[in-house]
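Structural overview
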Amino acid sequence: MTRSETETRPSEARLRLLNTAIRIFYAEGIHAVGVDRIIAEAKVTRATFYRHFPSKEDLVLSYLREVHQMDRSAVDAAIAANPSPVDALVAVANSIAQGIQSPGFRGCAFLNAAAEYPDSGHPVHQQIIAHRQWFLDRLTMLMAQVAEDSSDAAARHFVMLRDGAMAAGCLFDPALVSETFLRGIEGLVRIHGQRQPTDSAG
């Protein structure tokens, strides 16, 4: 065995553990899945698991960080491909709609985790809030480029529509939910773009 093989093996094992956790935590819930299940499906030893993740909580935090990066990549790609803030907002909404209609969709990973970690002082809960604040900040930035007035309220409205669509997408026809969501976002962006600064009157 070469030195390079011994150096890469731990990172490969960590990635296998993380990918397994992403798949099972999202599909079945976090508290319902024990460490033994993750170890068995990732095909690693218990010692390997604890070398990479000292506790299940560390794995959960890494899981949420990875999902955050996936969400961030999707949002950043939508913004990069659409210089117009209106088009970027619609592109972000389209990305969300595509996720709702994807196989195995089970809602928002962060909202699901929040239901399992309601304590606001818990590190997992705090990471959920940090993710949601990042998303709100990105939307507020885009809304401000469309119209400065009430951009914060418009961004919160977007998040509310998104949260509702993510919940409804698990319960009803995903295509219909996506269509309703996109229509709501398009209306929101159009109305927000028609707003004028409050001090412009007179």
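Notes on the structure follow. (Residues numbered from 1 in each chain as written. Predicted model: local features only at pLDDT ≥ 70, side-chain atom pairs only at ≥ 80, totals over all residues. Heavy atoms only, no water.)

**Notes on the packing of aromatic side chains**
Scanning the model with the defined rule gives 6 aromatic pairs in all. Arranged with centres 5.0 Å apart and planes meeting at 85 degrees, the rings of F49 and Y50 form a pair that is edge-to-face. For the pair F49 and F53, a centre-to-centre distance of 5.9 Å together with 45 degrees between the ring planes defines the contact as tilted. The exposure classification of F49 matches that of F53, with both residues buried. Here the basic side chain of R162 rests over the ring of F135, its NZ or CZ set 5.9 Å away from the ring centre. (Phe/Tyr/Trp six-rings, centres within 6.5 Å; stacked < 30°, edge-to-face > 60°. Buried < 20%, exposed > 50% of the residue type's maximum accessible area, 1.4 Å probe, protein only. Lys NZ or Arg CZ within 6 Å of the ring centre and 35° of its normal.)

**Brief notes about the pattern of salt bridges**
Taken as a whole and assessed by the stated rule, the structure comprises 10 salt bridges. A salt bridge links R23 to E41, with the shortest nitrogen-to-oxygen separation between them at 2.9 Å. Here R23, found in helix α1 (residues 3–28), pairs with E41, found in helix α2 (residues 35–42); they are 18 residues apart in sequence, far enough to count as distant. Here R183 and E179 are joined by a salt bridge, their closest N and O atoms 3.3 Å apart. (Salt bridge = Lys/Arg side-chain N within 4 Å of Asp/Glu carboxyl O. Helix = DSSP H or I, 4+ residues; strand = E, 2+ residues; numbered from the N terminus.)

**Quick word on the nonpolar core**
F25, I38, Y63, F135 and F158 are the most contacted members of the largest nonpolar core, which totals 62 residues. Sorting the residues of this core by element identifies α1, α2, α4 (56–80), α5 (85–100), α6 (109–116), α7 (123–146), α8 (151–168) and α9 (174–193) as the ones contributing at least two each. Beyond its immediate stretch of four places on either side in the chain, I38 contacts L17, T20, A21, I24, F25, V33, F49 and L59. (Core = buried A, V, L, I, M, F, W, Y, C linked by side-chain atoms within 4.5 Å. Contact = heavy atoms within 4.5 Å.)

**A few points about the environment of G193**
Locating G193 in the fold gives a position in helix α9. When its relative accessible area of 36% is taken as the criterion, G193 is described as partly exposed. C-alpha of G193 to C-alpha of D149: the two residues are 44 residues apart in sequence and 9.4 Å apart in space.

**Details of the environment of F135**
With respect to the helices, strands and loops of the structure, F135 is situated in helix α7. Overall, F135 belongs to the buried group, its relative accessible area being 10%. Separated by 60 residues in the primary sequence, F135 and V75 have C-alpha atoms spaced 8.7 Å apart. Look past the residues within four positions of F135 in its chain and what remains in contact with it is V75, V92, I96, F158, V159 and R162.

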